[in-house]
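Okay, here's what each chain looks like letter by letter:
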Amino acid sequence: MISESRDNGLDATNRTWLFFIAAVCLGAAVPALIIGKAAMAPFFGFGVLCAGIGLIQSSRSGRDRSWVLAGLTAPLAWAAYLFIGCLVLSAVLSDHSGKALGIPVRVALTLGAGFLCFQLFSRSPLALTLACKTLVITSVIALSIVVFSQYLPDLIDLVRRQLGLATPFDAPRAYKMFASATICLLPIVLWAGQRLGSVWMGLGLVTVPLTALVIYGNGIETSQSAISGILGGSLLLVLVLIGLRLKAGQRRALIAGVVLLAMAVGAYILTHVPSPPVVENQPPALPLPDWHRQVIWGFTWDVFLNNPIFGVGPNTVNRVPGASEIVPGLNQEYIPAHPHNFILEIASESGVVGLLALIAVLVILLKMLFQIAASSISVANRSRPAAYAGIFLMGAFWTSSLSNFSIWSAWWLASFVLLISLPLAAARSRHG
(Lines give C-alpha, C1' and ligand atoms only; values in the text may rest on other atoms or scores of the structure.)
Protein backbone atom coordinates (compact mmCIF):
# COMPACT_ATOMS: atom_id res chain seq x y z
CA MET A 1 0.00 0.00 0.00
CA ILE A 2 2.83 2.39 0.84
CA SER A 3 4.56 1.57 -2.45
CA GLU A 4 1.32 2.08 -4.39
CA SER A 5 0.73 5.38 -2.64
CA ARG A 6 4.24 6.52 -3.52
CA ASP A 7 3.72 5.46 -7.14
CA ASN A 8 0.46 7.40 -7.30
CA GLY A 9 2.13 10.44 -5.83
CA LEU A 10 4.99 10.19 -8.31
CA ASP A 11 2.53 9.83 -11.20
CA ALA A 12 0.64 12.90 -10.02
CA THR A 13 3.88 14.89 -9.81
CA ASN A 14 4.91 13.78 -13.29
CA ARG A 15 1.50 14.73 -14.69
CA THR A 16 1.69 18.14 -13.05
CA TRP A 17 5.06 18.83 -14.64
CA LEU A 18 3.93 17.49 -18.01
CA PHE A 19 0.82 19.67 -17.95
CA PHE A 20 2.91 22.65 -16.82
CA ILE A 21 5.37 22.27 -19.71
CA ALA A 22 2.55 21.62 -22.18
CA ALA A 23 0.62 24.72 -21.10
CA VAL A 24 3.66 27.00 -21.39
CA CYS A 25 4.68 25.62 -24.79
CA LEU A 26 1.16 25.79 -26.22
CA GLY A 27 0.59 29.29 -24.87
CA ALA A 28 3.77 30.52 -26.58
CA ALA A 29 3.32 28.62 -29.87
CA VAL A 30 1.41 31.18 -31.96
CA PRO A 31 3.31 34.27 -30.71
CA ALA A 32 6.52 32.41 -31.64
CA LEU A 33 5.57 33.00 -35.27
CA ILE A 34 7.42 36.33 -35.11
CA ILE A 35 10.58 34.26 -35.52
CA GLY A 36 9.11 32.33 -38.44
CA LYS A 37 6.83 29.44 -39.30
CA ALA A 38 9.42 26.88 -38.22
CA ALA A 39 9.61 28.45 -34.75
CA MET A 40 6.04 27.47 -33.97
CA ALA A 41 6.63 23.75 -34.59
CA PRO A 42 8.79 22.91 -31.52
CA PHE A 43 6.47 24.78 -29.16
CA PHE A 44 3.32 23.23 -30.59
CA GLY A 45 4.80 19.77 -31.13
CA PHE A 46 6.50 19.45 -27.74
CA GLY A 47 3.47 20.90 -25.99
CA VAL A 48 1.14 18.39 -27.63
CA LEU A 49 3.57 15.55 -26.84
CA CYS A 50 3.71 16.47 -23.14
CA ALA A 51 -0.07 16.89 -23.06
CA GLY A 52 -0.58 13.47 -24.67
CA ILE A 53 1.75 11.68 -22.25
CA GLY A 54 0.17 13.38 -19.26
CA LEU A 55 -3.35 12.60 -20.45
CA ILE A 56 -2.47 8.93 -21.00
CA GLN A 57 -1.17 8.74 -17.44
CA SER A 58 -4.33 10.34 -16.10
CA SER A 59 -6.80 8.32 -18.21
CA ARG A 60 -6.99 5.34 -15.91
CA SER A 61 -10.43 5.92 -14.46
CA GLY A 62 -13.65 4.96 -16.21
CA ARG A 63 -14.81 8.57 -16.05
CA ASP A 64 -11.74 9.85 -17.88
CA ARG A 65 -12.02 7.18 -20.56
CA SER A 66 -15.70 7.90 -21.09
CA TRP A 67 -14.89 11.61 -21.42
CA VAL A 68 -12.35 10.88 -24.17
CA LEU A 69 -14.76 8.48 -25.90
CA ALA A 70 -17.51 11.11 -25.78
CA GLY A 71 -15.21 13.57 -27.52
CA LEU A 72 -14.17 11.06 -30.18
CA THR A 73 -17.80 10.20 -30.98
CA ALA A 74 -19.24 13.74 -30.85
CA PRO A 75 -20.91 15.20 -33.97
CA LEU A 76 -17.92 17.48 -34.54
CA ALA A 77 -15.58 14.48 -34.49
CA TRP A 78 -17.71 12.54 -37.00
CA ALA A 79 -17.77 15.56 -39.30
CA ALA A 80 -13.97 15.76 -39.05
CA TYR A 81 -13.69 12.04 -39.89
CA LEU A 82 -15.89 12.59 -42.93
CA PHE A 83 -13.79 15.53 -44.10
CA ILE A 84 -10.55 13.57 -43.73
CA GLY A 85 -12.14 10.63 -45.54
CA CYS A 86 -13.13 12.89 -48.44
CA LEU A 87 -9.57 14.20 -48.63
CA VAL A 88 -8.21 10.65 -48.71
CA LEU A 89 -10.60 9.71 -51.50
CA SER A 90 -9.67 12.79 -53.55
CA ALA A 91 -5.98 12.07 -52.98
CA VAL A 92 -6.27 8.44 -54.07
CA LEU A 93 -8.04 9.48 -57.28
CA SER A 94 -5.53 12.25 -58.00
CA ASP A 95 -2.91 12.12 -60.75
CA HIS A 96 -0.46 13.27 -58.09
CA SER A 97 -1.55 10.98 -55.26
CA GLY A 98 1.95 10.85 -53.76
CA LYS A 99 1.83 14.54 -52.94
CA ALA A 100 -1.91 14.67 -52.28
CA LEU A 101 -1.96 11.91 -49.65
CA GLY A 102 0.24 13.98 -47.36
CA ILE A 103 -2.58 16.49 -46.82
CA PRO A 104 -5.18 14.22 -45.14
CA VAL A 105 -2.38 12.91 -42.92
CA ARG A 106 -1.41 16.48 -42.01
CA VAL A 107 -5.01 17.48 -41.37
CA ALA A 108 -5.64 14.38 -39.25
CA LEU A 109 -2.53 14.99 -37.15
CA THR A 110 -3.37 18.68 -36.68
CA LEU A 111 -6.96 17.96 -35.65
CA GLY A 112 -5.74 15.17 -33.36
CA ALA A 113 -3.31 17.61 -31.75
CA GLY A 114 -6.16 20.07 -31.30
CA PHE A 115 -8.21 17.36 -29.59
CA LEU A 116 -5.36 16.70 -27.15
CA CYS A 117 -5.11 20.44 -26.43
CA PHE A 118 -8.85 20.55 -25.78
CA GLN A 119 -8.64 17.54 -23.46
CA LEU A 120 -5.71 19.06 -21.58
CA PHE A 121 -7.37 22.43 -21.02
CA SER A 122 -10.73 20.82 -20.21
CA ARG A 123 -9.32 18.51 -17.54
CA SER A 124 -6.73 20.78 -15.97
CA PRO A 125 -7.88 24.25 -14.87
CA LEU A 126 -4.26 24.95 -13.89
CA ALA A 127 -3.04 24.17 -17.43
CA LEU A 128 -5.77 26.36 -18.92
CA THR A 129 -4.88 29.27 -16.65
CA LEU A 130 -1.16 28.87 -17.26
CA ALA A 131 -1.64 28.67 -21.03
CA CYS A 132 -3.77 31.83 -20.95
CA LYS A 133 -1.14 33.70 -18.92
CA THR A 134 1.64 32.54 -21.24
CA LEU A 135 -0.39 33.54 -24.28
CA VAL A 136 -1.04 37.04 -22.95
CA ILE A 137 2.58 37.65 -21.94
CA THR A 138 4.18 36.27 -25.10
CA SER A 139 1.65 38.06 -27.32
CA VAL A 140 2.43 41.42 -25.73
CA ILE A 141 6.17 40.75 -26.10
CA ALA A 142 5.86 39.56 -29.71
CA LEU A 143 3.62 42.45 -30.77
CA SER A 144 5.90 44.97 -29.05
CA ILE A 145 8.96 43.59 -30.85
CA VAL A 146 7.20 43.84 -34.21
CA VAL A 147 5.99 47.40 -33.57
CA PHE A 148 9.44 48.42 -32.38
CA SER A 149 10.96 46.92 -35.54
CA GLN A 150 8.43 48.49 -37.90
CA TYR A 151 8.36 52.03 -36.54
CA LEU A 152 11.97 52.50 -35.38
CA PRO A 153 13.89 51.03 -38.33
CA ASP A 154 17.08 53.05 -37.79
CA LEU A 155 17.36 51.91 -34.19
CA ILE A 156 16.65 48.32 -35.19
CA ASP A 157 19.37 48.45 -37.85
CA LEU A 158 21.79 49.81 -35.25
CA VAL A 159 20.98 46.95 -32.88
CA ARG A 160 21.30 44.40 -35.67
CA ARG A 161 24.68 45.78 -36.69
CA GLN A 162 25.88 45.46 -33.12
CA LEU A 163 24.76 41.84 -33.16
CA GLY A 164 26.42 41.18 -36.49
CA LEU A 165 23.13 40.67 -38.32
CA ALA A 166 22.30 41.79 -41.86
CA THR A 167 20.95 45.32 -42.39
CA PRO A 168 18.81 47.06 -43.41
CA PHE A 169 15.98 44.98 -41.96
CA ASP A 170 12.64 45.26 -43.79
CA ALA A 171 10.39 44.68 -40.79
CA PRO A 172 6.98 45.33 -42.44
CA ARG A 173 7.60 42.67 -45.08
CA ALA A 174 9.40 40.32 -42.70
CA TYR A 175 6.42 40.33 -40.33
CA LYS A 176 3.66 40.30 -42.95
CA MET A 177 2.84 36.67 -42.14
CA PHE A 178 2.69 37.41 -38.43
CA ALA A 179 0.34 40.33 -39.12
CA SER A 180 -2.23 37.85 -40.42
CA ALA A 181 -1.82 35.70 -37.32
CA THR A 182 -2.53 38.66 -35.03
CA ILE A 183 -6.21 38.67 -35.92
CA CYS A 184 -6.43 35.10 -34.60
CA LEU A 185 -4.49 36.00 -31.47
CA LEU A 186 -6.44 39.17 -30.66
CA PRO A 187 -9.86 37.74 -29.63
CA ILE A 188 -8.30 34.92 -27.62
CA VAL A 189 -5.83 37.22 -25.85
CA LEU A 190 -8.62 39.66 -24.99
CA TRP A 191 -10.77 36.83 -23.66
CA ALA A 192 -7.84 35.36 -21.71
CA GLY A 193 -7.14 38.75 -20.12
CA GLN A 194 -10.80 39.17 -19.22
CA ARG A 195 -10.90 35.65 -17.78
CA LEU A 196 -7.78 36.15 -15.67
CA GLY A 197 -8.77 39.65 -14.55
CA SER A 198 -6.72 42.32 -12.79
CA VAL A 199 -3.42 43.20 -14.48
CA TRP A 200 -4.00 40.51 -17.11
CA MET A 201 -6.99 42.38 -18.43
CA GLY A 202 -4.85 45.47 -18.81
CA LEU A 203 -2.19 43.51 -20.69
CA GLY A 204 -4.87 42.07 -22.94
CA LEU A 205 -6.18 45.52 -23.79
CA VAL A 206 -2.65 46.67 -24.63
CA THR A 207 -2.64 44.19 -27.51
CA VAL A 208 -5.43 46.12 -29.28
CA PRO A 209 -3.36 49.18 -30.31
CA LEU A 210 -0.28 47.00 -30.80
CA THR A 211 -2.21 44.75 -33.17
CA ALA A 212 -3.52 47.76 -35.10
CA LEU A 213 0.04 49.05 -35.52
CA VAL A 214 1.31 45.66 -36.65
CA ILE A 215 -1.48 45.30 -39.23
CA TYR A 216 -0.86 48.82 -40.55
CA GLY A 217 2.79 47.96 -41.07
CA ASN A 218 3.92 51.59 -40.89
CA GLY A 219 2.00 52.19 -44.12
CA ILE A 220 4.54 50.16 -46.08
CA GLU A 221 3.00 46.68 -45.93
CA THR A 222 -0.55 46.95 -44.59
CA SER A 223 -2.12 43.52 -44.18
CA GLN A 224 -5.33 43.61 -46.19
CA SER A 225 -6.14 40.00 -45.28
CA ALA A 226 -5.89 40.88 -41.58
CA ILE A 227 -8.25 43.82 -42.07
CA SER A 228 -10.74 41.58 -43.89
CA GLY A 229 -10.40 39.09 -41.04
CA ILE A 230 -11.30 41.73 -38.47
CA LEU A 231 -14.33 42.71 -40.52
CA GLY A 232 -15.37 39.08 -40.93
CA GLY A 233 -14.97 38.31 -37.24
CA SER A 234 -16.90 41.42 -36.24
CA LEU A 235 -19.70 40.69 -38.70
CA LEU A 236 -20.08 37.08 -37.54
CA LEU A 237 -20.15 38.12 -33.90
CA VAL A 238 -22.77 40.81 -34.59
CA LEU A 239 -24.93 38.28 -36.45
CA VAL A 240 -24.66 35.86 -33.54
CA LEU A 241 -25.57 38.57 -31.04
CA ILE A 242 -28.63 39.41 -33.14
CA GLY A 243 -29.52 35.74 -33.47
CA LEU A 244 -29.36 35.23 -29.70
CA ARG A 245 -32.18 37.75 -29.30
CA LEU A 246 -34.46 36.36 -31.99
CA LYS A 247 -37.08 33.65 -31.81
CA ALA A 248 -36.40 30.34 -33.53
CA GLY A 249 -38.34 31.19 -36.70
CA GLN A 250 -36.76 34.61 -36.99
CA ARG A 251 -33.33 33.07 -36.43
CA ARG A 252 -33.84 30.58 -39.26
CA ALA A 253 -34.93 33.42 -41.53
CA LEU A 254 -31.79 35.38 -40.62
CA ILE A 255 -29.58 32.38 -41.36
CA ALA A 256 -31.32 31.76 -44.68
CA GLY A 257 -30.93 35.41 -45.64
CA VAL A 258 -27.22 35.46 -44.78
CA VAL A 259 -26.60 32.23 -46.70
CA LEU A 260 -28.47 33.46 -49.77
CA LEU A 261 -26.62 36.78 -49.70
CA ALA A 262 -23.26 35.01 -49.41
CA MET A 263 -24.16 32.72 -52.30
CA ALA A 264 -25.24 35.68 -54.42
CA VAL A 265 -21.97 37.53 -53.75
CA GLY A 266 -19.98 34.38 -54.46
CA ALA A 267 -21.88 33.74 -57.70
CA TYR A 268 -21.28 37.32 -58.83
CA ILE A 269 -17.55 37.05 -58.18
CA LEU A 270 -17.20 33.66 -59.88
CA THR A 271 -19.07 34.80 -62.97
CA HIS A 272 -16.83 37.84 -63.32
CA VAL A 273 -13.38 36.36 -62.75
CA PRO A 274 -11.46 35.89 -66.03
CA SER A 275 -11.61 32.49 -67.68
CA PRO A 276 -8.25 31.12 -68.84
CA PRO A 277 -6.43 31.90 -70.96
CA VAL A 278 -6.35 35.64 -70.41
CA VAL A 279 -4.84 38.10 -72.87
CA GLU A 280 -2.44 40.95 -72.30
CA ASN A 281 -4.07 44.22 -71.17
CA GLN A 282 -7.38 42.43 -70.54
CA PRO A 283 -9.53 44.73 -68.37
CA PRO A 284 -10.68 43.28 -65.02
CA ALA A 285 -14.42 42.92 -64.46
CA LEU A 286 -14.06 43.29 -60.68
CA PRO A 287 -12.63 46.26 -58.76
CA LEU A 288 -11.13 43.94 -56.14
CA PRO A 289 -8.87 42.03 -55.58
CA ASP A 290 -5.77 42.71 -57.70
CA TRP A 291 -5.72 41.46 -61.30
CA HIS A 292 -3.36 38.55 -60.65
CA ARG A 293 -5.55 37.29 -57.81
CA GLN A 294 -8.57 37.44 -60.13
CA VAL A 295 -6.65 35.44 -62.74
CA ILE A 296 -5.73 32.84 -60.12
CA TRP A 297 -9.34 32.54 -59.00
CA GLY A 298 -10.58 32.28 -62.58
CA PHE A 299 -8.13 29.48 -63.35
CA THR A 300 -9.00 27.61 -60.13
CA TRP A 301 -12.73 27.95 -60.81
CA ASP A 302 -12.16 26.49 -64.26
CA VAL A 303 -10.31 23.54 -62.70
CA PHE A 304 -13.26 22.93 -60.38
CA LEU A 305 -15.77 23.03 -63.24
CA ASN A 306 -13.76 20.32 -64.98
CA ASN A 307 -13.40 18.22 -61.79
CA PRO A 308 -16.51 19.03 -59.73
CA ILE A 309 -17.03 15.85 -57.69
CA PHE A 310 -13.68 14.82 -56.19
CA GLY A 311 -11.35 17.56 -57.48
CA VAL A 312 -7.78 17.07 -58.64
CA GLY A 313 -6.35 16.06 -55.25
CA PRO A 314 -5.38 18.09 -52.16
CA ASN A 315 -2.49 20.50 -52.66
CA THR A 316 -2.12 19.70 -56.37
CA VAL A 317 -4.09 22.40 -58.20
CA ASN A 318 -0.80 24.12 -59.06
CA ARG A 319 0.24 20.97 -60.93
CA VAL A 320 -2.64 20.75 -63.37
CA PRO A 321 -1.87 21.50 -67.04
CA GLY A 322 -1.54 25.23 -67.63
CA ALA A 323 -1.08 26.21 -63.97
CA SER A 324 2.60 26.99 -64.41
CA GLU A 325 2.15 28.98 -67.63
CA ILE A 326 2.98 32.69 -67.49
CA VAL A 327 0.04 35.10 -67.50
CA PRO A 328 0.42 37.55 -70.42
CA GLY A 329 1.50 40.94 -69.18
CA LEU A 330 2.10 39.84 -65.58
CA ASN A 331 5.23 37.67 -65.69
CA GLN A 332 3.49 35.46 -63.09
CA GLU A 333 2.14 31.93 -63.24
CA TYR A 334 -1.60 31.24 -63.33
CA ILE A 335 -1.22 29.51 -59.96
CA PRO A 336 2.17 30.29 -58.38
CA ALA A 337 1.57 28.03 -55.35
CA HIS A 338 -2.06 27.99 -54.23
CA PRO A 339 -5.36 29.75 -55.07
CA HIS A 340 -5.32 32.26 -52.16
CA ASN A 341 -8.92 31.31 -51.37
CA PHE A 342 -9.80 28.36 -49.17
CA ILE A 343 -13.20 27.76 -50.80
CA LEU A 344 -11.77 27.59 -54.31
CA GLU A 345 -8.76 25.63 -53.06
CA ILE A 346 -10.82 22.91 -51.41
CA ALA A 347 -13.47 22.86 -54.16
CA SER A 348 -10.90 22.45 -56.93
CA GLU A 349 -8.80 19.93 -55.04
CA SER A 350 -11.40 17.80 -53.25
CA GLY A 351 -14.55 18.69 -55.16
CA VAL A 352 -18.05 19.26 -53.89
CA VAL A 353 -17.75 16.33 -51.48
CA GLY A 354 -14.73 17.83 -49.71
CA LEU A 355 -16.18 21.33 -49.60
CA LEU A 356 -19.50 20.15 -48.16
CA ALA A 357 -17.67 18.05 -45.57
CA LEU A 358 -15.67 21.08 -44.43
CA ILE A 359 -18.81 23.20 -44.30
CA ALA A 360 -20.36 20.54 -42.04
CA VAL A 361 -17.37 20.82 -39.67
CA LEU A 362 -17.63 24.60 -39.52
CA VAL A 363 -21.40 24.63 -39.08
CA ILE A 364 -21.24 22.15 -36.20
CA LEU A 365 -18.42 24.09 -34.53
CA LEU A 366 -20.28 27.38 -34.89
CA LYS A 367 -23.46 25.76 -33.57
CA MET A 368 -21.55 24.54 -30.51
CA LEU A 369 -20.30 28.05 -29.79
CA PHE A 370 -23.75 29.52 -30.38
CA GLN A 371 -25.32 27.03 -27.97
CA ILE A 372 -22.74 27.88 -25.32
CA ALA A 373 -23.55 31.57 -25.70
CA ALA A 374 -27.30 30.90 -25.79
CA SER A 375 -27.27 28.67 -22.70
CA SER A 376 -25.55 31.40 -20.70
CA ILE A 377 -27.43 34.40 -22.06
CA SER A 378 -29.50 34.75 -18.90
CA VAL A 379 -26.85 33.54 -16.46
CA ALA A 380 -23.94 35.57 -15.13
CA ASN A 381 -21.16 33.06 -15.79
CA ARG A 382 -17.91 33.00 -17.72
CA SER A 383 -18.91 30.80 -20.64
CA ARG A 384 -20.39 33.56 -22.76
CA PRO A 385 -17.13 35.54 -23.27
CA ALA A 386 -15.40 32.28 -24.23
CA ALA A 387 -18.06 31.59 -26.85
CA TYR A 388 -17.82 35.14 -28.21
CA ALA A 389 -14.03 34.86 -28.51
CA GLY A 390 -14.36 31.58 -30.40
CA ILE A 391 -17.01 33.02 -32.72
CA PHE A 392 -14.88 36.06 -33.55
CA LEU A 393 -11.89 33.78 -34.15
CA MET A 394 -13.91 31.67 -36.57
CA GLY A 395 -15.07 34.70 -38.52
CA ALA A 396 -11.60 36.25 -38.59
CA PHE A 397 -9.71 33.11 -39.59
CA TRP A 398 -12.02 31.90 -42.34
CA THR A 399 -12.65 35.37 -43.78
CA SER A 400 -8.93 36.00 -43.91
CA SER A 401 -8.48 32.60 -45.57
CA LEU A 402 -10.64 33.81 -48.46
CA SER A 403 -7.64 35.78 -49.74
CA ASN A 404 -4.72 34.56 -47.71
CA PHE A 405 -2.49 31.52 -47.18
CA SER A 406 -3.13 28.01 -48.38
CA ILE A 407 -5.57 26.30 -46.05
CA TRP A 408 -3.18 23.34 -46.04
CA SER A 409 -0.37 25.40 -44.48
CA ALA A 410 0.49 23.49 -41.32
CA TRP A 411 1.21 26.56 -39.18
CA TRP A 412 -1.96 28.39 -40.28
CA LEU A 413 -4.29 25.47 -39.60
CA ALA A 414 -2.49 24.62 -36.34
CA SER A 415 -2.87 28.22 -35.14
CA PHE A 416 -6.64 28.04 -35.54
CA VAL A 417 -6.98 24.58 -33.98
CA LEU A 418 -4.83 25.50 -30.97
CA LEU A 419 -6.44 28.88 -30.30
CA ILE A 420 -10.04 27.62 -30.66
CA SER A 421 -9.34 24.83 -28.16
CA LEU A 422 -8.81 27.37 -25.35
CA PRO A 423 -12.28 29.00 -25.21
CA LEU A 424 -13.99 25.69 -26.07
CA ALA A 425 -12.24 23.97 -23.17
CA ALA A 426 -13.01 26.85 -20.82
CA ALA A 427 -16.70 26.73 -21.73
CA ARG A 428 -16.81 22.96 -21.28
CA SER A 429 -15.09 23.13 -17.90
CA ARG A 430 -17.82 25.52 -16.76
CA HIS A 431 -20.65 23.28 -17.96
CA GLY A 432 -19.19 19.82 -17.45
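Residues numbered from 1 in each chain as written. Predicted model: local features only at pLDDT ≥ 70, side-chain atom pairs only at ≥ 80, totals over all residues. Heavy atoms only, no water.

**Examining the overall build of the protein**
Counting its regular elements, the protein contains 17 helices and zero strands. C-alpha extents for the protein along the principal axes are approximately 80 × 60 × 45 Å. Residues classed as buried in the protein amount to 49% of the 432 residues present. The contacts of the protein with a sequence gap of at least 6 include a subset with a gap of at least 24, amounting to 73%. (Helix = DSSP H or I, 4+ residues; strand = E, 2+ residues; numbered from the N terminus. Buried < 20%, exposed > 50% of the residue type's maximum accessible area, 1.4 Å probe, protein only. Contact = heavy atoms within 4.5 Å.)

**Regarding the state of the cysteines**
Tallying each qualifying case throughout the model produces zero disulfides. Not part of a disulfide, Cys 25 finds its nearest cysteine sulfur in Cys 50, a span of 6.2 Å. No disulfide involves Cys 184; its sulfur sits 15 Å from the nearest other cysteine sulfur, which is in Cys 117. (Disulfide = S-S within 2.5 Å.)

**Structural notes on the packing of aromatic side chains**
A full pass over the atoms with the stated rule returns 13 aromatic pairs. An angle of 35° between the planes, with centres 5.4 Å apart, marks the rings of Phe 299 and Tyr 334 as tilted. Within this pair, whereas Phe 299 is found in helix 14 (residues 291–306), its partner Tyr 334 is found in the loop between helix 14 and helix 15 (342–375), the two being separated by 35 residues in sequence. Overall, Phe 299 belongs to the buried group, its relative accessible area being 6%. Three or more aromatic residues link up through ring pairs in this structure, and these residues are Phe 342, Phe 397, Trp 398, Phe 405, Trp 411, Trp 412 and Phe 416. (Phe/Tyr/Trp six-rings, centres within 6.5 Å; stacked < 30°, edge-to-face > 60°.)

**Brief notes about the packing of helix 7 (residues 125–151) against helix 11 (residues 199–216)**
The angle between the axes and the distance between the axes are what describe a pair of packed helices. Between helix 7 and helix 11, whose axes approach to 9 Å, the crossing angle comes to 35°. The interaxial crossing formed by helix 7 with helix 11 has left-handed handedness. Residues Lys 133, Val 136, Ile 137, Val 140, Leu 143, Ser 144, Val 146, Val 147, Gln 150 and Tyr 151 of helix 7 form the contact with helix 11, whose participating residues are Trp 200, Leu 203, Gly 204, Thr 207, Leu 210, Thr 211, Leu 213, Val 214 and Tyr 216. Class assignment of the residues belonging to the contact of helix 7 with helix 11 gives a composition of 13 nonpolar, five polar and one charged. (Axes fitted to C-alpha atoms, helices over the stretch in contact; angles between N-to-C directions. Left-handed = near helix turned anticlockwise from the far one by under 90°. Nonpolar A, V, L, I, M, F, W, Y, C, P; charged D, E, K, R; others polar.)

**With respect to the side chain of Thr 207**
Secondary-structure assignment places Thr 207 in helix 11. Overall, Thr 207 belongs to the buried group, its relative accessible area being 1%. Polar side-chain contacts of Thr 207 include one of 2.4 Å to the backbone oxygen of Gly 204. Ignoring sequence-local partners within four residues, the contact set of Thr 207 consists of Val 140, Leu 143, Leu 186, Val 189 and Leu 190. (Polar contact = N/O pair within 3.5 Å; in protein donor to acceptor, adjacent residues only side chain to side chain.)

**Remarks on the pattern of salt bridges**
Under the criterion given, the structure shown has three salt bridges. Across the pair Glu 221 and Arg 173 runs a salt bridge, and its minimum N-O distance is 3.3 Å. Note that Glu 221 is positioned in the loop between helix 11 and helix 12 (224–244) and Arg 173 in helix 9 (residues 171–174), a separation of 48 residues in sequence. A cluster of three or more residues bridged by salt bridges with shared partners is formed by Asp 170, Arg 173, Lys 176 and Glu 221. (Salt bridge = Lys/Arg side-chain N within 4 Å of Asp/Glu carboxyl O.)

**Observations concerning a nonpolar patch on the surface**
Nonpolar side chains collect at one region of the surface, where Phe 148, Leu 152, Leu 155, Leu 158, Val 159, Leu 163 and Leu 165 lie side by side and expose about 590 Å² of accessible area between them. With three residues, the single largest contributor to the nonpolar patch is helix 8 (residues 153–162). With respect to the element layout, Leu 158 can be found in helix 8. (Patch = residues over 30% accessible without salt bridge, like charges linked within 9 Å, V, L, I, M, F, W, Y side chains within 5 Å. Areas by Shrake-Rupley, 256 points an atom, 1.4 Å probe, with all protein chains shown as cover.)

**Considerations on the nonpolar core**
When a protein is soluble and globular, its nonpolar side chains tend to lie buried together. One finds Phe 44, Phe 121 and Trp 191 to be the most contacted residues of the largest nonpolar core, which totals 102 residues. With 14 residues, helix 17 (residues 410–431) is the largest single contributor of residues to this core. Those residues in contact with Trp 191 that sit more than four places away from it in its chain are Leu 128, Cys 132, Pro 385, Ala 386, Ala 389, Leu 422, Pro 423 and Ala 426. Leu 286, Trp 291, Val 317 and Ala 323 belong to the second largest nonpolar core, which has 17 residues in total. (Core = buried A, V, L, I, M, F, W, Y, C linked by side-chain atoms within 4.5 Å.)

**Things to note about unusual backbone geometry**
A cis amide bond links Pro 276 with the next residue in sequence, Pro 277, at an omega value of -5°. With respect to the element layout, Pro 277 can be found in the loop between helix 13 (248–270) and helix 14. Note that the residue after Leu 288, namely Pro 289, is joined by a cis bond; omega there is -5°. Within the secondary structure layout, Pro 289 lies in the loop between helix 13 and helix 14. Even without a glycine there, the phi angle at Asn 331 is positive, about 60°. In this structure, Asn 331 sits in the loop between helix 14 and helix 15.

**Quick notes on helix 16 (residues 383–400)**
In a regular helix each residue adds 1.5 Å, so 18 residues correspond to 26 Å; helix 16 covers 26 Å between its end C-alpha atoms and thus fits that length. Most of helix 16 is tucked away, with 15 of its 18 residues classed as buried. (Expected span 1.5 Å × (residues − 1).)

**A short note on helix 11**
For helix 11, which comprises 18 residues, the first-to-last C-alpha distance of 27 Å matches the rise-based estimate of 26 Å (1.5 Å per residue) to within 8%. Those residues of helix 11 that fall on the buried side of the exposure criterion are Trp 200, Gly 204, Thr 207, Leu 210, Thr 211, Val 214 and Ile 215. Residue Gly 217 follows helix 11 closely and has a positive phi angle near 60°.

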